[in-house]
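Chain by chain, the residues:
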Amino acid sequence: LRTTKLDELPQLISVFLGDMSLVGPRPDVPQYAALYSPEDRELILSLPPGVTDWASIVNFDQFVDFACAEDPDGMFEQHIRPLKVELQRVYARNHGLLVDLRILVWTARRMFLRSDTLPPDVKPYLGIAAGRARESAGSEDRRMGGEQD
């Protein structure tokens, strides 16, 4: 179901019922929503939740990473969540019809063409995830007695 994105069907029903938008910040589970800073809570949660957003495009196949991860929650918290929150901030500050259309086109491209190309809109923020991965690897090396950078 996940590879075909059929698991999103209930969310599409929520869009038709008016509880969600097609484009908007993906809803977080309560334990992660509770970690928002007060500013992020006000900014991100002021928008209707959406089926897709910039972070959905970047993390399109995150379920594969979760399946392979030794600690899926730790992986999410250290590598995926920081970028997700930043991209939600970007969307919240710049949302509008043209941005929503761009996100829908890029989502369709990822779904139907299985393209790994990412939109130029998100590329400046990809360093957030890479930086977290480097920080995490460095702290792991230090815990294991390895060399520091």
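This text goes with the structure placed above it.
The following refers to the structure shown. It should be emphasised that the depicted structure is a prediction, and the values quoted were computed from it without experimental measurement. (Residues numbered from 1 in each chain as written. Predicted model: local features only at pLDDT ≥ 70, side-chain atom pairs only at ≥ 80, totals over all residues. Heavy atoms only, no water.)

1. Structural notes on helix α7 (residues 97-113)
Since the α-helix advances by 3.6 residues per turn, residues separated by three or four positions end up pointing in the same direction.
So, step 1. Along its 17 residues, α7 runs 23 Å from first to last C-alpha, staying within 8% of the 24 Å computed at 1.5 Å per residue.
So, step 2. Where α7 is concerned, the buried positions are V99, D100, I103, W106, T107 and R110. Seen from one end, α7 has its buried residues packed into an arc of 130°, which puts them on one side. When the buried face of α7 is taken as reference, the exposed residues oriented beyond 90 degrees from it are L97, L98, V105, F112 and L113.
So, step 3. Lining the buried residues of α7 we find β1 (21-23), β2 (50-52), α4 (54-58) and α6 (72-94).
So, step 4. With its phi angle positive at about 55°, R114 sits one or two positions after the end of α7. (Helix = DSSP H or I, 4+ residues; strand = E, 2+ residues; numbered from the N terminus. Expected span 1.5 Å × (residues − 1). Buried < 20%, exposed > 50% of the residue type's maximum accessible area, 1.4 Å probe, protein only. Arc of directions from axis to C-beta. Contact = heavy atoms within 4.5 Å.)

2. Let's talk about the environment of T117
So, step 1. The topology assignment puts T117 in the loop between α7 and α8 (126-143).
So, step 2. The partly exposed category is assigned to T117, whose relative accessible area is 38%.
So, step 3. Between the C-alpha atoms of T117 and I57, which are 60 residues apart in sequence, the distance is 9.7 Å.
So, step 4. In contact with T117, other than residues within four places in its own chain, are W106, R109 and R110.

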